[in-house]
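Each chain, letter by letter, is given below.
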Amino acid sequence: MEQPGLDLFQESYLKGSFVQEIFYNEENQYGVFLMRVTEATEELDTDEVTVVGNMIRPHPDETLVCFGEWTDHPRYGKQYQVNHVKKELPRSKEAVAKYLSSGLFPGVGKKTAEKIVEHLGPNALEKATADPAVLEEVPGVTGARAQTIAESLREHHTLEQALVILYQFGLGPATALKVVQTFKEATMEVVKTNPYRLIDEVEGVGFRRADEIARKSGIALDASERFQAAALFALREASLSRGNVFVTEEQLVQSMEPLLAPNGEELFPSEKRQRLLEEMAEEERLIEEHGKYYLPSLFFAEHGVAMRVRDWLEEKVEPTPAHELYKAVGEVEEELKVAYAERQREAMTMAMDSPLMILTGGPGTGKTTVIKGICHLFGRLEECTIDPKDYENSEKPYPIRLVAPTGRAAKRMSEATGIPAMTIHRLLGWKGDFFERDADHPIEGSLLIVDEVSMLDVWLANQLFRAVPKGMKVILVGDDDQLPSVGPGKVLHHLLQVRGIPRVELTDIYRQEEGSSIIRLAHSLKAGEVPPDLTEPKSDRRFFSCKKDQAVHVILQTYTNALERGYTLFDIQVLSPMYKGLAGVNRINEELQKAVNPPREGKKEIQWGESVFRHGDKVLQLVNHPEHPVYNGDMGQISAIEEDARNDQPVLWVQFDRQEVPYKRSQLNQIGLAYACSVHKAQGSEFAIVILPVLMAYRRMLQKNLIYTGITRAKSYLILCGETEALAWGVNRREREERNSQLTTLIEAEW
Ligand SMILES: Nc1ncnc2c1ncn2[C@@H]1O[C@H](COP(=O)(O)OP(=O)(O)OP(=O)(O)O)[C@@H](O)[C@H]1O
């Protein structure tokens, strides 16, 4: 094996060809190959080496130079982690002929390949790339065919070159590959003339990265496209990271400053700025209205929601005669064996006569009990059965649609009311990139009840509202003190500010009667007060004082104690405000996995990025899965693992409540370990036991809504661990910023 001196090649590399593909994922171009090495920077004790990394799928006859480093994988041993790959064109006549007929070049079979090599010699590839006309000299190759072959040769060559240049521009191999795959032969053109296109078209490229490329391509600091890219980037950041539906011009300019001129120089005077923004508005890349700047999709969503709400407010409903209403309420009370409180009764009767109504209230105030009452009252007044069984073989659709943003919330609601419930995505027929239900294909039924509305962002609210047919009553149920939606807008909050939307707020706590001190604590914290008995042990809650570095230990101890007492993995949930850090979600998951589901001989597991999925692990679905009805926030348990599954075959199965869902390797980013999860991910769910660390180390994240949401996830037992001052600090801190939205004004202005 050749070994050139290190002075010639500073980087470590292996040269050779791939003799076997062990694994290859088309989606992220990640592969594992066996390479026969002919040349290397260091001495090797074998000439067959396992090589892993992101790369365009190599062809067996290609000679490759892989630059990278040696790693020691805990499971697979020593392997070469490729950083980037350079392909060498084959040199011998046989290899060139084989390469040409490998299928990479359309229309070139074995015979033609041999003829080309015969005629042009071993340098055929270089010659044909430089001058396609030489191919025409090959007997039997017509002008058009010569052209096609030369084009694909050149295309290959250009892609290779583009990759090398992108590496030089500082892009990592995975991103560089994505760029080349997106723009193909146009890659270099895009990179040289408008690398800002990468922000929109290549996942994982932000403004700063694109701007670095622009610098290297010689694009001026005051170029128009630079300004416009920064404007869109800032607008997206404001909406997606901070939840704003729009930004004011001042906010926009302010957030663009650090992007455009970190040293404070004025590259875009106000006149130029104005002109460039106007240009973007003309091209509908953004929308400007009275000095407010929107991403188009948010503008239309917010206006859509406002328009729909206005329609409901303008709708006239014939009121049900009072005596009929009260008689029916009495019958429902009798049927359900509940004596509804005055306010609860008001909510039920109001729901019957309003096209749109909002029901709010903290935990334990009886929202679910009222939802059930509303459904039964509706059935009586409409004189229709609400027993799902009566609709099983009927043409008639079930009249009530009960929905929630997460699968767990829907399940909880359906269990508590006895009425079928589903996620909003399922109701709307989410197909992965579009909803089947819209204004032209509305949902069926005459009563829609949406729970956990605080989680609804303006996009989803618009999708849902536009799919509601005329005449269907809509009841929105939620708790405005919970965390707002992850996506932009604060729909429930802003709807509550509209005067004129019928609403009832439930304030009396009923669960307290059952002796819940968790709910009492939640209500105190909501009022910004830490009760003096916080650290006193109660029958349903405990506070364990500890510092940051002890928190994980306390969590492990409590968790395993609960398991010993017969609680299951699904009864206990650790919630943490952060992912990173000593007591963050990631670390707790790692430690709990070690403690409650350790590796064992014969127990299958699979490495995924930094983490390991093991048979029996509790996992969380992170996105809505359009193929199977599993949704963001659903939890399940790994029921099988096939370690050596081929790329297109499932590698792991998760048992959710009602079904087992298979995942291919490329889909493993849709799940995560779930012994611990973020408070955001637990929205809409309840657990028998919640363990919540509250530490000053998290103070950046701690705020009232988050603590309140975390605590109210506990149904039977709450364990707080950490520092009392962290809790006090957090509950006195409101959400950092209000979210910009015009929703209230839009509805009120024209209504
Ligand atoms: N009028 C009432 N009389 C007696 N008990 C009631 C009444 N209303 C509600 N409850 C009881 O209070 C408890 C909490 O009610 P419910 O679950 O409906 O509240 P919730 O607002 O939906 O709470 P959460 O959001 O925490 O689920 C239940 O056990 C319920 O039976």
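Residues numbered from 1 in each chain as written. Predicted model: local features only at pLDDT ≥ 70, side-chain atom pairs only at ≥ 80, totals over all residues. Heavy atoms only, no water.

**Some points on the pattern of salt bridges**
Just so we agree on the cut-off: Every case where a carboxyl oxygen of Asp or Glu lies within 4 Å of a side-chain nitrogen of Lys or Arg is listed as a salt bridge. Helix and strand definitions follow DSSP, with helices as H or I runs of at least four residues and strands as E runs of at least two, each counted in order from the N terminus. Burial status follows relative accessibility: with a 1.4 Å probe on protein chains alone, a residue under 20% of its type maximum counts as buried, one over 50% as exposed, and anything between as partly exposed.
In the structure shown here, the tally under the stated rule is 30 salt bridges. With its nearest N and O atoms 3.6 Å apart, the salt bridge here joins glutamate 738 to lysine 490. Placement of glutamate 738 in the loop between helix H26 (724–731) and helix H27 (743–750) and of lysine 490 in the loop between strand E13 (473–478) and helix H20 (491–496) is noted, with a sequence separation of 248 residues between them. A relative accessible area of 11% means that lysine 490 is categorised as buried. A salt bridge links glutamate 748 to arginine 499, with the shortest nitrogen-to-oxygen separation between them at 3.1 Å. Note that glutamate 748 is positioned in helix H27 and arginine 499 in the loop between H20 and strand E14 (503–506), a separation of 249 residues in sequence. Accessibility expressed as a relative area gives 21% for glutamate 748, which makes it partly exposed.

**Overview of the layout of surface pockets**
Selection criterion: Here a cavity denotes grid points, spaced 1 Å and computed from the protein atoms alone, that fit a 1.4 Å probe unable to get out, and a pocket denotes an open set having protein on both sides within 12 Å along at least 5 of 7 lines; residues with an atom within 4 Å of a point are the lining. Grid points are joined across faces, edges and corners, and a volume is the space filled by probe spheres set on the points. Three residue categories are used. Nonpolar comprises Ala, Val, Leu, Ile, Met, Phe, Trp, Tyr, Cys and Pro, charged comprises Asp, Glu, Lys and Arg, and polar comprises the others, including Gly.
For the largest pocket, the calculated volume is near 1,200 Å³. Those elements that place two or more of their residues in the lining of the largest pocket are helix H10 (224–241), helix H19 (458–466) and helix H24 (679–682). Ranked by the residues each element gives to the lining of the largest pocket, the list is headed by H19, at three residues. Of the residues assigned to the lining of the largest pocket, the class counts are 15 nonpolar, 14 polar and nine charged.

**Some thoughts on the sheet that holds strand E9 (residues 356–361)**
Our working rule: For two strands to be treated as a pair, DSSP must find at least two bridges joining them. Axis definition: a line fitted to C-alpha atoms, over the contacting stretch in the case of helices. Angles run 0 to 180 degrees between N-to-C directions.
With parallel pairing, the six strands of this open sheet are ordered in space as E11-E10-E12-E13-E9-E14. One side of each edge strand has no neighbouring strand; the edge strands of this open sheet are strand E11 (421–423) and E14. Neighbour-to-neighbour, the strand axes of this sheet turn through a mean angle of 20°, independent of strand direction. Pairing of E9 with E13, which is carried by five bridges, proceeds in the parallel orientation. Across the sheet, isoleucine 358 pairs through a bridge with leucine 476, a residue of E13.

**Notes on the sheet that holds strand E22 (residues 660–664)**
Spatially, the five strands line up as an open sheet ordered E22-E21-E20-E19-E23, and their pairing is antiparallel. Both edges of this open sheet fall to E22 and strand E23 (671–673), since each of them pairs with a single strand only. In this sheet, adjacent strand axes meet at a mean angle of 40° when their direction is disregarded.

**Some words on the packing of helix H9 (residues 207–216) against H10**
Angle between the axes and distance between the axes: these two values describe a pair of packed helices. Counted only if it meets this: Note on terminology: angles under 35 degrees are roughly parallel, angles over 145 are roughly antiparallel, angles of 65 to 115 are roughly perpendicular, and the others are oblique. Should any heavy atoms of two residues lie within 4.5 Å, those residues are counted as being in contact.
Contact geometry for H9 and H10: axes closest at 11 Å, N-to-C directions at 170°. Looking at the two axes, H9 sits roughly antiparallel to H10. Residues Phe207, Asp211 and Arg215 of H9 form the contact with H10, whose participating residues are Arg226, Ala229, Ala230 and Phe233.

**Observations regarding unusual backbone geometry**
Positive phi, close to 50°, is recorded for lysine 184, a residue that is not glycine. Of note, lysine 184 is situated in the loop between helix H6 (173–183) and helix H7 (187–193). The exposure class of lysine 184 is partly exposed, given its relative accessible area of 43%. Backbone geometry places histidine 290, a non-glycine residue, at a positive phi of 45°. If you trace the backbone, histidine 290 turns up in the loop between strand E7 (287–289) and strand E8 (292–294). Histidine 290 gets classed as exposed once you look at its relative accessible area, which sits at 69%.

**What about the UniProt feature "binding site: ATP" (unreviewed entry) in the chain?**
Heads up, the rule is: UniProt positions are given in the numbering used here, feature names are shortened, and annotations may be inferred rather than shown by experiment.
In this numbering, the UniProt entry assigns the feature "binding site: ATP" (unreviewed entry) to Gly364, Thr365, Gly366, Lys367 and Thr368. Inspection of the secondary structure puts glycine 364 in the loop between E9 and helix H16 (367–381). Classification of glycine 364 by relative accessible area gives buried; the value is 14%. Along the chain, threonine 365 turns up in the loop between E9 and H16. By relative accessible area, threonine 365 is classed as buried at 1%. Once residues within four sequence positions are removed from consideration, threonine 365 is found in contact with Gln344, Leu506, Thr507, Asp508, Ile509 and Tyr510.

**Section: H10**
A turn of α-helix holds 3.6 residues, and therefore any two residues three or four places apart point the same way. Stated precisely, the cut-off is as follows: A helix is expected to span 1.5 Å multiplied by its residue count minus one.
Across its 18 residues, H10 extends 25 Å between first and last C-alpha, which sits within 8% of the 26 Å expected from 1.5 Å per residue. Directly after H10, the chain includes glycine 243, whose backbone phi takes a positive value near 80°.

**Digging into the environment of proline 442**
Here proline 442 shows up in the loop between helix H18 (424–427) and strand E12 (447–450). Overall, proline 442 belongs to the partly exposed group, its relative accessible area being 31%. Residues proline 442 and valine 468, spaced 26 residues apart in sequence, show a C-alpha to C-alpha distance of 5.7 Å. The residues touching proline 442, leaving out its near neighbours within four places in the chain, are Arg437, Ala467 and Pro469.

**Re the pairing of strand E4 (residues 63–73)**
Bridge analysis of strand E1 (residues 13–25) against E4 gives four bridges, and the strand direction is antiparallel. If you follow tyrosine 13 over to E4, its bridge partner there is phenylalanine 67. Pairing geometry for E4 and strand E5 (residues 77–88), over eleven bridges, is antiparallel. If you follow glutamate 69 over to E5, its bridge partner there is glutamine 81. Linking E4 to E5, which pair antiparallel, is a turn of three residues.

**Re the nonpolar core**
The condition is simple: By convention a nonpolar core is built from buried Ala, Val, Leu, Ile, Met, Phe, Trp, Tyr and Cys residues, the set being connected through side-chain atoms within 4.5 Å.
Phe207, Val309, Leu448, Leu476 and Leu495 are the most contacted members of the largest nonpolar core, which has 92 residues in total. A per-element tally of this core places H10 first, with nine residues. Core analysis: the next-biggest nonpolar cluster, separate from the first, contains 70 residues, Leu556, Ala674, Tyr698 and Ala726 among them.

**With respect to empty space enclosed by the protein**
A full pass over the atoms with the stated rule returns three cavities of 30 Å³ or more. In this structure, the largest cavity encloses a volume near 70 Å³. Listing elements by their share of the lining of the largest cavity, those giving two or more residues are E5 and helix H5 (143–168). For the lining of the largest cavity, the leading source of residues is H5, giving three residues. Residues belonging to the lining of the largest cavity are distributed by class as follows: six nonpolar, no polar and two charged. Taken as a whole, the second largest cavity encloses approximately 60 Å³ of empty space. When grouped by side-chain class, the residues that make up the lining of the second largest cavity number five nonpolar, four polar and two charged.

**A closer look at the packing of H10 against helix H12 (residues 270–282)**
Convention followed: For any pair of crossing helices, the crossing counts as left-handed if the nearer helix is rotated counterclockwise from the farther one by less than a right angle, and right-handed if it is rotated clockwise.
Running from amino to carboxyl end, H10 crosses H12 at an angle of 70°, the nearest separation of the two axes being 10 Å. In terms of their interaxial angle, H10 and H12 are classed as roughly perpendicular. Judged by the sense of rotation from one axis to the other, the crossing of H10 with H12 is right-handed. Counted together, Ser224, Phe227, Gln228, Ala231 and Leu232 of H10 and Arg273, Leu276, Leu277, Glu279 and Met280 of H12 form the full contact between these two elements. Residues belonging to the contact of H10 with H12 are distributed by class as follows: six nonpolar, two polar and two charged.

**What to know about the packing of aromatic side chains**
We count it as follows: Pairing of aromatic rings covers Phe, Tyr and Trp, the last counted by its six-membered ring, and requires centre-to-centre distances within 6.5 Å; plane angles under 30 degrees mean stacked, over 60 mean edge-to-face, and any other angle means tilted.
Applying the stated criterion across every chain yields a total of 14 aromatic pairs. When the ring of phenylalanine 207 is compared with that of phenylalanine 233, the centres are 6.2 Å apart and the planes differ by 35°; the resulting orientation is tilted. With a gap of 26 residues between them, phenylalanine 207 in helix H9 and phenylalanine 233 in helix H10 connect regions that are remote in the sequence. Overall, the relative accessible area of 1% leaves phenylalanine 207 in the buried class. Measuring from centroid to centroid gives 5.0 Å for tyrosine 294 and phenylalanine 299, while their planes differ by 85°, and the two rings are edge-to-face. Of the residues examined, phenylalanine 299 reaches a relative accessible area of 11% and is grouped as buried. Here the aromatic residues Phe246, Tyr294, Phe299 and Phe300 are joined through ring pairs into a cluster of three or more.

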